[in-house]
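Chain by chain, the residues:
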There are 2 protein chains.
Amino acid sequence: MISVAEATRLVAATIRPLGVEYLSLTLAAGLVLREDLRADRDFPPFNRVAMDGIALNYAALAAGQQEFRIESTQFAGQPPVAVADAKAAIEIMTGAMLPAGVDTVIRYEDLTFRNDEAGHRWAAVQVPAPRAGHNVHSQAADRRQNDLLVPAGTVLGPAEMAVAATIGAATVAVTRRPRVAVVSTGDELVPITDTPAAHQIRRSNGLMLQAAAETAGALTEAFHFDDDPVALRQGLPALLTGFDAVVLSGGVSMGKADFLPGVLRELGVEQLFHEVRQRPGKPFWFGQQPGGAVVFALPGNPVSSFVNFYRYARPWLQAVQQPAVTVVAAATIPAVLTQPVDFKPPMTHFLLVSLEPGPDGRLLATPERAGGSGDMASLLTSSGFLELPPDPEHFPAGTVLPVWRFR
Amino acid sequence: MISVAEATRLVAATIRPLGVEYLSLTLAAGLVLREDLRADRDFPPFNRVAMDGIALNYAALAAGQQEFRIESTQFAGQPPVAVADAKAAIEIMTGAMLPAGVDTVIRYEDLTFRNDEAGHRWAAVQVPAPRAGHNVHSQAADRRQNDLLVPAGTVLGPAEMAVAATIGAATVAVTRRPRVAVVSTGDELVPITDTPAAHQIRRSNGLMLQAAAETAGALTEAFHFDDDPVALRQGLPALLTGFDAVVLSGGVSMGKADFLPGVLRELGVEQLFHEVRQRPGKPFWFGQQPGGAVVFALPGNPVSSFVNFYRYARPWLQAVQQPAVTVVAAATIPAVLTQPVDFKPPMTHFLLVSLEPGPDGRLLATPERAGGSGDMASLLTSSGFLELPPDPEHFPAGTVLPVWRFR
């Protein structure tokens, strides 16, 4: 039996970056970028007018000129107009390229307009002279051409989509989505649409693990096998070669129908560990088919499956989407225990908690009254689990501990 | 010009629950439930064996009996066996239904086995007598038949999917996804695949807002209109009747090409407000087509569009998926300002910040050095925005403020 730290290390050692695919940007939201996005032009690419109003030469304003003849009008998207008279102004709109010869924009709110008898339009500046360059978003103020904007490995969220569009990255290199086979085992399980007999229950881990894997970017397919070595030997090989990961639940403990560890080894899957000093989830089995799938064989109790998926499999799914091998992410969010907790065995304890922000900005973790690893309903009212290290045995209220969030 | 509080109230007043659709559970992950899910049976539905080992009668153990003859074996999924001898035991597997006549399970780890000459198998208990019911997950220990498990309005996450499957909710009532038209305007904008002239830029707000809306559960379609009242009058009516929300960016400020407020009113959209005392995003226009779409006409600067989408439109999209009218969610996560901030105008200030958990469990917010509402790149390095109320003007380091996260 190994420690949680050692199990984490062995899972991390199987991480290999998945292949790249080239997608239209419009289809790439939420995927992991596999190329650096660099600025094709300066940001902004030109001296960009930031307010609707007039553009003028600051020197004239500073010299005491307060009223400016409007020489022409320039809209956003129009080539910059020519400025004939250094003492005149151009009526100009937000987003326009500031023409040469003017350097400052005064917004409409700070102007009054009049027409003279000759039909000329004049704007009078109603505020003290601002600084030169006022209301102009200067070329290259934010980023320079060729600057790294979005490094490979970043998830393409809304902001990254905007930047990719701006630089014309109409096709982007992204990690292909991990393919995950989710397999439930257990003769007591009947399909969702069936009415179970008194001693049966419906299959639920499969849909749970599929939903969890898909929130980590995976494409999933669901399978069920009876607790039968023949069925397992027939069904598993296609999954071990056709998927990046096989996530099983059930069949890994000490029971007489727990055939999975034996069958997996028979099929050539290299066992990397079996049993971890942790609760829930002690019987967790982990291995890898040479040249094929990584196998997360999780204990079948729903809370064990769920917690171990979030603790080991989800970070793995996120890591294989990265361009380089990265360490499986630790639970980096700290939370404050609101009640004392005692836990005797020398095991890491994954404690279901509800989480809420405290008034002082700290995240407060309150232990759920859970009925053990079979109490699926306790997952509904908790939103994460604290990772309590094997020692000490007593964790007083106020202890700050890492939390794994699943909501 | 109205306050942020008043704008929030007016947006909230347009919230109406969207219609219900009935989906296969396998297609419903991530959607909002529109029916209560109740326990079809007790949780667990029977006295469920929680460990692999033997089931016995606790009274015999308490009376001093240490060795038990194995009368039969029962696997998970098998009907419970009959117990003939009150002093014998049944070898039994996790997930099995505990038969009548036995009440306690001793796990394999705490047993030794031997065979006698008559061919009988015996198990000797190697630990002190535990309590009656040990390693049995009692019927109804977690929930009772007909208990409310998942109330309407809950998002179907992995835990909810597991519970829905368990109770046989093969078809579930969920909110249909909101349909959102995302519209960019601006003559300076060219398609992503084009090479812009010196005074042009590529369209980026559309993809940004589509990606943001889809993370809130929306189905989106993208449109672009030139800054031309004729094009707007022709194109907008179909969107105002065919979508739940129309999210526009650009064309709402004081410029001579800012036709949107006028055209929208002309088309019968009721203006609910125009201009909010906030930065960025002062020119935000909001209205509703009677019997049709709600219209979020956001300012075109990318940071303005982005922040106002997250501040007003995203909570609206989440609220209309709820079964009953709910108040638009406030930013309930508090964060601690790491640097002092001064902000003079009597306006609410949405301040881009990077967020990281502090060692004491508090979320620390560090202001981004942003180049204003046109600085799209500042969205890449920030992960939320603080909402600084109009007064005071000075916010010292250590101030706890609500934060809107977008990562």
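The numbers attached to residues start from 1 for each chain and follow its sequence in the written order. Lettering for chains starts from A, numbering for ligands starts from 1, and both go in the order in which the items are written. Totals for whole chains, interfaces and linings use all residues, but because this is a predicted model, local features are given only for residues with pLDDT of at least 70 and pairs of side-chain atoms are given and counted only at 80 or more. Side-chain numbers come from the whole structure's heavy atoms, not from hydrogens or water.

## Things to note about the relation of the copies chain B and chain A
- To superpose the copies, least squares is applied to the C-alpha atoms of every residue with a pLDDT of at least 70 in both. When chain B is brought onto chain A, the operation consists of a screw motion whose angular component is 180° and whose axial shift is 0.0 Å, with 0.0 Å RMSD remaining. When the rotation and shift are considered jointly, the pair of chain copies conforms to a two-fold rotation axis. Closest approach to the rotation axis among the C-alpha atoms of chain B is made by B:R362, whose C-alpha sits 2.0 Å away.

## Quick look at the side chain of A:D52
- Within the secondary structure, A:D52 sits in the loop between β3 (48–49) and β4 (53–56).
- Buried residues are those whose accessible area, probed at 1.4 Å on protein chains only, stays under 20% of the maximum for their type, while exposed residues exceed 50% and partly exposed ones sit between those limits. Think of it this way: Lys and Arg go in the positive column, Asp and Glu in the negative one, and His and the chain ends go nowhere. Any Lys or Arg side-chain nitrogen located within 4 Å of an Asp or Glu carboxyl oxygen qualifies as a salt bridge. Buried and without a salt bridge, A:D52 has A:R48 as its closest oppositely charged side chain, separated by 9.2 Å.
- Side-chain polar atoms of A:D52 contact the side chain of B:S253, separated by 3.2 Å.
- Counting of polar contacts relies on pairs of N or O atoms within 3.5 Å, with two restrictions inside protein: one atom must be capable of donating a hydrogen and the other of accepting it, and residues adjacent in sequence are counted only when both atoms are side-chain atoms. Within the structure, A:D52 has its side chain in polar contact with the backbone nitrogen of B:M254 (distance 3.2 Å).
- The contact criterion used throughout is that any non-hydrogen atoms of two residues lie within 4.5 Å. Leave out the neighbours within four places in its chain, and A:D52 touches A:I92, A:M93, A:T94, A:I106, A:R107, A:Y108, B:S253, B:M254, B:G255 and B:D258. Numbering of helices and strands starts at the N terminus; helices are DSSP runs of H or I of at least 4 residues and strands are runs of E of at least 2.

## Quick look at the pattern of salt bridges
- One pass over the structure, following the stated rule, counts 26 salt bridges over all chains.
- Ionic pairing is found between B:R9 and B:E6, a salt bridge with its closest N-O pair at 3.2 Å. In this pair, B:R9 and B:E6 both sit in helix α1 (residues 4–12), three residues apart, roughly one turn of the helix.
- B:R114 is the partner of B:E67 in a salt bridge, and the nearest nitrogen-oxygen pair spans 2.7 Å. A residue pair is termed long-range when its members are at least 10 positions apart, and B:E67 in strand β5 (residues 67–74) and B:R114 in strand β8 (residues 111–115) qualify at 47 residues.
- Note on B:E67: relative accessible area 27%, which makes it partly exposed.
- One network of salt bridges, in which partners are shared, links A:E91, A:R121 and B:K256.

## A short note on the nonpolar core
- The term nonpolar core refers to a set of buried residues drawn from Ala, Val, Leu, Ile, Met, Phe, Trp, Tyr and Cys, joined through side-chain atoms within 4.5 Å. By size, the foremost hydrophobic cluster in this structure holds 69 residues, and its most contacted members are A:F273, A:F296, A:F309, A:Y312 and A:W316.
- It is helix α7 (residues 302–319) of chain A that provides the largest number of residues to this core, a total of ten residues.
- When sequence neighbours within four positions are dropped, the list of residues in contact with A:F296 reads A:V11, A:A245, A:V246, A:V247, A:L248, A:F284, A:W285, A:F286, A:Y312, A:A313 and A:W316.
- Membership of the second largest hydrophobic core comes to 68 residues, among which are A:L149, B:A216, B:F306 and B:L379.

## So, the domain arrangement of chain A
- These domain limits were set by an automatic method or by a database of domain assignments. Partitioning chain A into structural domains gives domain 1 (4–19 + 177–319), domain 2 (20–43 + 142–175), domain 3 (48–137) and domain 4 (333–405).
- Look at where the C-alpha atoms of domain 1 of chain A and domain 3 of chain A centre, and you get two points 68 Å apart.

## Concerning the interface of chain B and chain A
- With 88 residues of chain B in contact, the opposing surface of chain A contributes 88 residues.
- Both faces combined, the contact of chain B with chain A buries some 6700 Å², and carbon together with sulfur accounts for 64% of it.
- Counting across the interface, chain B meets chain A through eight salt bridges.
- Ionic pairing is found between A:R407 and B:E160, a salt bridge with its closest N-O pair at 2.7 Å.
- For the pair chain B and chain A, the interface holds 30 residue pairs in polar contact (both at pLDDT 80 or more).
- Secondary structure elements with two or more residues in the side of chain B that touches chain A: β11 (148–150), α3 (158–166), β15 (201–202), α4 (205–215), α7 (302–319), β22 (333–337) and α8 (378–381) of chain B.
- For the side of chain B that touches chain A, the leading source of residues is α3(B), giving eight residues.
- Ten residue types, Ala, Val, Leu, Ile, Met, Phe, Trp, Tyr, Cys and Pro, are classed as nonpolar, four, Asp, Glu, Lys and Arg, as charged, and the remainder, Gly among them, as polar. For the side of chain B that touches chain A, the per-class residue count stands at 47 nonpolar, 20 polar and 21 charged. Buried area adds together the accessible area that both of two parts lose upon being put together, with accessible area traced by a 1.4 Å probe.

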